[in-house]
Structure formats: C-alpha cells, structure tokens
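Inside the fold
The residues making up each chain are set out below.
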Amino acid sequence: MPRPRPILRPRCLLAALLATAACSSPHDIVILNGRVMDPETGLDAARNLGIRDGTIATITEDELAGRDTLDATGLVVAPGFIDLHAHGQDSVSERLQALDGVTTALEMEIGVYPVASWYASREGRTLLNFGATVSHPNARTKLLLGIDVGHQPTLPPGENESMGSDVIYQELDDAQVAELAALMEQGLAEGGLGYGFGITYTPGASRTEILDLFESAEANGVPAYVHLRAAYVGDILGPFQEVIADAAATGASLHIVHLNSSADESAMDAVALVRGAAAQGLDVTTEAYPYTASSTFIESALFDPWVGLDDEAYQRLQWPGQEERLNARTFAEYREQGGWVVIHGRNEDTNEWIVAQPDVIAASDGIPFLHLSVHPRGAGTFARILGHYSRDRGVISLMDALAKMTILPAQRVEGAAPAMARKGRVQVGADADLAVFDPETVLDMAGYDAPATPSRGFMFVLVGGTPVVRDGSLVEGVFPGQAIRRESAPAM
C-alpha cells in the first residue's frame, strides 16, 4: 500500500512568519474549537482552522478572525471523504453523499465513455468534486456497435440486439483489441483517471484482452480499477489471481473493487493476496463497503449462472420495495423486465473483519438515482463505519477509519491526478474539503426498507471552502464541485 507522506514541511523561521501573517489577516471562513484529525500526519488535537480562497491557510491554537465562523465545539474536523466507487453521479445521490461526509465522488469501477462529454455535462452543476475512469465495457460497445452509451454502470445481455450483436459475449481478435486500446487511450487524453473494468459484465472479454489493456494502462501511467471476472464454483481466488498476475506481468497499478462481494467468505485469503503482492513491490489496493448485501442489474451477465436454479436459491434476492424474496418464477419475470435487485447472504462476522482492516479502502459502490430506493450503501457507507463499526463496535480506531476514507483513496488517485495530493488531508496548503461531524451521534440511518435516508451527525461539510452542509442541513443553490482529471488532460 502507498506510504503516507506529508504534503507540507515548512522550516522554523518561514513557518513562524507565515503563521503570523495568516493569523493576523481575515480568512474567508474559520472553523473554531474543533478536534482536528489528519490521518496522514497523525494530528489529533484541538485546533482552529482558517480557510482562504478554497485552501486551508492556517491551523493553529491561536484565535482566528474570519468573515464567516463555524463553531466546531465537540466536533471532529476531518478531511472530506473520497469515494472511489460512486456510480450515483446525479443530484439525488450527491446530496445524500454530502450528508454522509463525502466531498469527492469518483466513478472508477465501470467509468464513463466518451469521457469529454461526460465531464462537460457535470461542469458547474455539482455539489461534490467529480471524476471518472475510461469505461472498458462502454468503449467496447463503441467499438462493436458504434454507439456511445455514456455513463451506464453495466450493459445487460441482449442490449441493442436489434443491431445484430450481443456485445458482452463477443470475443475480440487482436486487431479489435488494438482498436479498443486506442479508444481507451483517447479517453485518457480527455481526462480519464485510469481504466475501469467490469469484467463479470463482459464475459466475452478474454484474458488476453484484459492483459493487453493492462499493458496500455501501464504505458500511460494510470491504474486499472477492476470488478473481477465471475468466479467458477469453488474458485473464488482465481479472478483475484488473474488480475494480480496481469499487474505483475505489465507493471500496471491495480485496484480491486468491492473485495467484500467478490471474495465472500474467502476475504481473509483475498486480502492476504493483495498484501502479499504489495509486499513484493506491486502497486495493488482494494476496497469494500460495510454491508452484507450487494446490488446490481438482475438482467446482467452476473446472473447467468443463476438461471434454472430452484426456489431456495433465489431466497437471497430481494426486489426493491418488497419484503418477499424471489423464487424461480419471479426471478425469471424480473430478469425479463430488468432492474436493480438486492443480493443478501454474506456473513456479518466476515463483513466486520473486512471493515476492521485499516488498509482496505472504504468505498460505497453507491448506485445511480437513489430515489429508486434500492440499497443503503450510497447514503450511509461512511457514517456506518464511523458510528456502528468504529464507535459502537470498536473494531477499528477512529483515526484508522478516517484514513480508509481520506488519505488512502487520495493516494490511490494522485499518481494520475496530482490535484488529489491536496485532498484527503487537513494540512496547510491542502484544499478545504472538510467533513465536520459529531463522533457521539454520527450514524447511518438508511436501511433496505428506506435506502435513501440521510446519515446523521455531519454538521458541516465543505467543498473547496464552500459549505454544502451547514448546521446539519444541505445548503441550497451552491455548486462548488470541481472536475478531477488526469494531469495531462486539458480543461474543457
């Protein structure tokens, strides 16, 4: 895993002069009397913060003056949370995420394609900072069908069959893989933060295709963010081994998404694989969300192996808004209809163990358009870790919990987007993306019966120095979110 490193180390005289100047001149906003926690440096102390021009200008025990004052007495002042796995790139989702302490929401798993138009559609319209990888499945659709599907988390089987192709099952020859790599490299030039793979949703993608695209990622200096290939029965670790071998062979950086749903009860072995690869010098990381149920499209290829099972097998599946679990008949009906389904059944002891691992990044996998009310992870992931698992269960310290949602995801992305080196920190010179919460009351309130219920306990959330949550309520009419792009990509 990347090692923490401070972003600013001023020397004595210069630091004293800067501090004196900063404290004597007015700030745009000051945050007073908070417990400032910065996981990178280990700072955990009462401090006052001064913010100027969207940047943290002062951190001090001295009095500060500002045009606007936020009282953080009894509250933790932490870096704003960075969600690497936020499919919910819409106004409903980002409002719920802001109330969960998120300041940067990135679509890194499946990504988007085309990239430039997606970034353009978000400019000046977002509450949170945003960015995305180049989508392998959607670029693949562009190659085979000549159409742009934009931001689509998965491409279901049979999509666009009227055009004569069921693209997710189609294998590519060497020339087509080269064309696909060129399309994806164009996406990097337009700002894409890496390559986003949903291999289980594109079963036609051969191991050679994925290996070749890892080579392209390495050549362009960006990570591969991967939803693993579907595992054969009894071979859960095989898909982990495939992509770790690809990373070892090519030198590409690798991030494996939602380890919890990919590994199930083999999570300890999967984490050991990731840690072992990192110990051998590979740049490999992983993430998880703190729930025992997952969710995806019922018509997707992920459910191909479920066809023809008996009624008991479908008891794990819940259709949103219904208490009854599915059976063979309703599974077939809903698969024909299409839509999101919740998949229950993972073990809570294993889930808690995963949350307790300080090197497993916290990421929500929040699905789009939460007003459809499907899964609570898009609304409650971060408050659930802080409240239920850290405070109430005591399985991870507050500082380690914060690191999982701030400095670790920032470091995962900053190689491709150095702007991220100013995020995930509470340090002078860092962006003023901040989550200010009550450690005694913070808790997720969303559940499977009410997935779009906001978390509680976040009193202030600032994006680039602009409050988007104030006194526990959303601030209306502000859109401070900024694009996070690959460094070599020009601004739109």
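Everything below is about the structure shown above.
Residues numbered from 1 in each chain as written. Predicted model: local features only at pLDDT ≥ 70, side-chain atom pairs only at ≥ 80, totals over all residues. Heavy atoms only, no water.

1. Some words on the nonpolar core
Heads up, the rule is: We define a nonpolar core as any set of buried Ala, Val, Leu, Ile, Met, Phe, Trp, Tyr and Cys residues linked to one another through side-chain atoms lying within 4.5 Å. Exposed residues in this analysis have more than 50% of their type's maximum accessible area, buried residues have under 20%, and partly exposed residues fall in between, with area computed by a 1.4 Å probe over protein chains only. Here a residue-residue contact requires only that any non-hydrogen atoms of the pair lie within 4.5 Å.
By size, the foremost hydrophobic cluster in this structure holds 67 residues, and its most contacted members are F197, F214, V226, L254 and V413. Beyond its immediate chain neighbours, meaning those up to four positions away, F214 contacts F197, A224, V226, V243, D246, A247, T250, A252 and L254.

2. What about the packing of aromatic side chains?
Definition in use: Each pair of aromatic rings taken from Phe, Tyr and Trp, with Trp reduced to its six-membered ring, is defined by centres within 6.5 Å and is described as stacked if the planes are under 30 degrees apart, edge-to-face if over 60, and tilted in the remaining cases. The helix count covers DSSP runs of H or I at least four residues long, the strand count covers runs of E at least two residues long, and both are numbered beginning at the N terminus.
Tallied over the full model, the rule gives 14 aromatic pairs. Note on W118 and F130: the rings are 5.9 Å apart at their centroids and 75° apart in plane angle, and the pair reads as edge-to-face. Here the residue W118 occupies a position in helix α3 (residues 115–122), and F130 occupies one in strand β8 (residues 129–135), the gap between them amounting to 12 residues. The pair W118 / F130 is uniform in exposure class, with both members buried.

3. So, the packing of helix α6 (residues 207–219) against helix α7 (residues 237–250)
Packed helix pairs are characterised by how far apart their axes lie and by the angle those axes make with each other. Which entries qualify depends on this criterion: The convention used is that axes are lines fitted to C-alpha atoms, helices contributing only their stretch in contact, and that angles between N-to-C directions extend from 0 to 180 degrees. Working rule for angles: under 35 degrees goes down as roughly parallel, over 145 as roughly antiparallel, 65 to 115 as roughly perpendicular, anything else as oblique. Here is the rule for handedness: rotate from the far helix to the near one, and if that takes an anticlockwise turn smaller than a right angle the crossing is left-handed, while a clockwise turn gives right-handed.
Contact pair α6 / α7: the axes reach a minimum separation of 9 Å and the direction vectors enclose 45°. With respect to their mutual orientation, α6 and α7 come out oblique. Of the two elements, α6 crosses α7, and the hand of that crossing is right-handed. Taken together, the residues of α7 that come into contact with α6 (itself represented by R207, I210, L211, F214, E215 and E218) are E242, V243, D246, A247, A249 and T250.

4. Focus on the side chain of E94
Of note, E94 is situated in helix α2 (residues 91–98). For E94, a relative accessible area of 7% gives the class buried. Excluding anything up to four places from it in sequence, E94 contacts G88, R122, R125, T126, L127 and L128.

5. A closer look at helix α12 (residues 377–392)
Because an α-helix completes one turn every 3.6 residues, residues spaced three or four positions apart along the sequence face the same direction. So the rule is basically this: By this rule the span expected of a helix is its residue count minus one, scaled by 1.5 Å. A residue's bend is given by the angle between axes fitted to the 7 residues ending at it and the 7 residues starting at it.
Compared with the 22 Å implied by 1.5 Å per residue over 16 residues, the 19 Å span of α12 between its first and last C-alpha is markedly short. The sharpest bend along α12 measures roughly 50° and falls at R384. Burial analysis of α12 places 13 of its 16 residues in the buried class, which makes it a mostly covered element. G394 sits one or two positions beyond α12 and adopts a positive phi of about 70°.

6. Remarks on the sheet that holds strand β13 (residues 294–297)
Note the threshold: At least two DSSP bridges between two strands are needed for those strands to be called paired.
The antiparallel open sheet is built from 3 strands, whose spatial order is β13-β15-β14. Unpaired on one side and paired on the other, β13 and β14 (317–318) mark the two borders of the sheet. Across 4 bridges, the pairing between β13 and strand β15 (residues 340–343) is antiparallel. When the sheet's bridge partners are listed, T296 is paired in β15 with V341.

7. Some details on the environment of L474
Relative to the elements of secondary structure, L474 occurs in strand β20 (residues 473–474). Put simply, L474 and V461 are 13 residues apart on the chain and 9.0 Å apart in space, counted from C-alpha to C-alpha. Residue contacts for L474: discarding those within four places in its chain leaves R95, A98, L99, L127, V468 and V469.

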